[in-house]
Amino acid sequence: MLNWIKQILGLGPAPDWATLVQKGATIVDVRTPGEFAGGHIKGAVNIPLNTLSQKMGKLKKDKPVITCCASGARSSAALDMLRSAGFQEVYNGGGWMSLRNKL
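Presented here is an overview of the structure given in this document. (Residues numbered from 1 in each chain as written. Predicted model: local features only at pLDDT ≥ 70, side-chain atom pairs only at ≥ 80, totals over all residues. Heavy atoms only, no water.)

1. Thoughts on helix 5 (residues 73–84)
- Spanning 12 residues, helix 5 covers 17 Å between terminal C-alpha atoms, matching the ideal 16 Å at 1.5 Å per step.
- Within helix 5, burial applies to Ser 75, Ala 78, Leu 79 and Leu 82. One side of helix 5 holds all its buried residues, which, seen down the axis, span an arc of 105°. Among the exposed residues of helix 5, those pointing more than 90 degrees away from its buried face are Ala 73 and Ser 84.
- Along its buried surface, helix 5 packs onto helix 4 (52–55), strand 3 (65–69) and strand 4 (90–95). (Helix = DSSP H or I, 4+ residues; strand = E, 2+ residues; numbered from the N terminus. Expected span 1.5 Å × (residues − 1). Buried < 20%, exposed > 50% of the residue type's maximum accessible area, 1.4 Å probe, protein only. Arc of directions from axis to C-beta. Contact = heavy atoms within 4.5 Å.)

2. Quick notes on the pairing of strand 1 (residues 26–29)
- Note: strand 1 against strand 3, 4 bridges, orientation parallel. Bridge pairing in strand 3 places Thr 26 opposite Val 65.
- Direction of pairing for strand 1 relative to strand 2 (residues 45–46): parallel, over a ladder of 2 bridges. Paired with Val 28 across the bridge in strand 2 is Val 45. (Pairing = 2+ DSSP bridges.)

3. A look at the environment of Ser 98
- Turning to its location among the elements, Ser 98 is positioned in helix 6 (residues 96–102).
- Relative accessible area serves as the criterion here: at 36%, Ser 98 is assigned to the partly exposed category.
- Along the sequence, Ser 98 and Ala 70 sit 28 residues apart, while their C-alpha atoms lie 9.3 Å from each other.

4. Examining the packing of aromatic side chains
- In the structure shown here, the tally under the stated rule is 1 aromatic pair.
- Ring centres 6.3 Å apart and planes at 85° place the aromatic pair Trp 17 and Tyr 91 in the edge-to-face group. One end of the pair, Trp 17, is in helix 2 (residues 17–22); the other, Tyr 91, is in strand 4, and 74 residues separate them in sequence.
- By relative accessible area, Tyr 91 is classed as partly exposed at 22%. (Phe/Tyr/Trp six-rings, centres within 6.5 Å; stacked < 30°, edge-to-face > 60°.)

5. Side note on the nonpolar core
- Val 28, Leu 52, Leu 59, Leu 82 and Phe 87 are the most contacted members of the largest nonpolar core, which totals 13 residues.
- Elements supplying a minimum of two residues to this core: strand 3 and helix 5.
- It is helix 5 that contributes the most residues to this core, 3 residues altogether.
- Not counting the four nearest positions on each side in its chain, Leu 52 is found in contact with Ile 47, Ala 78, Met 81 and Leu 82.
- One finds Leu 20, Ala 25, Ile 27 and Cys 68 within the second-largest nonpolar core, a separate group that totals 11 residues. (Core = buried A, V, L, I, M, F, W, Y, C linked by side-chain atoms within 4.5 Å.)

6. So, the sheet that holds strand 2
- Strands sit in the order 2-1-3-4 across an open sheet of 4 strands; the sheet is parallel. The sheet is open, and its two edges are formed by strand 2 and strand 4, each paired on a single side.
- Packed onto the sheet, helix 5 meets strand 3 and strand 4 and runs at close to 150° relative to strand 3. (Axes fitted to C-alpha atoms, helices over the stretch in contact; angles between N-to-C directions.)

Dropping the structure here:
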């Protein structure tokens, strides 16, 4: 039960980002197109947060999804939106530069 509570609150161990990507995870960068053009993780998909609800159909619900942005705030909102839409395996990767360094 304690592990479940930690997972809900995001207090558990950090995911193994590289393994998730090897499993076929899609990295969704929810920054604006201009921010994305200024630098991004290779292979990431740019779906700005304000368009995510209309474009989440492009994502596979049976594959892990890792959200990222500039600092982690928008990616957290994206995680909530995706989970509300029925995505089961969604992770907040936080800021894209930090996530890139962990891959």
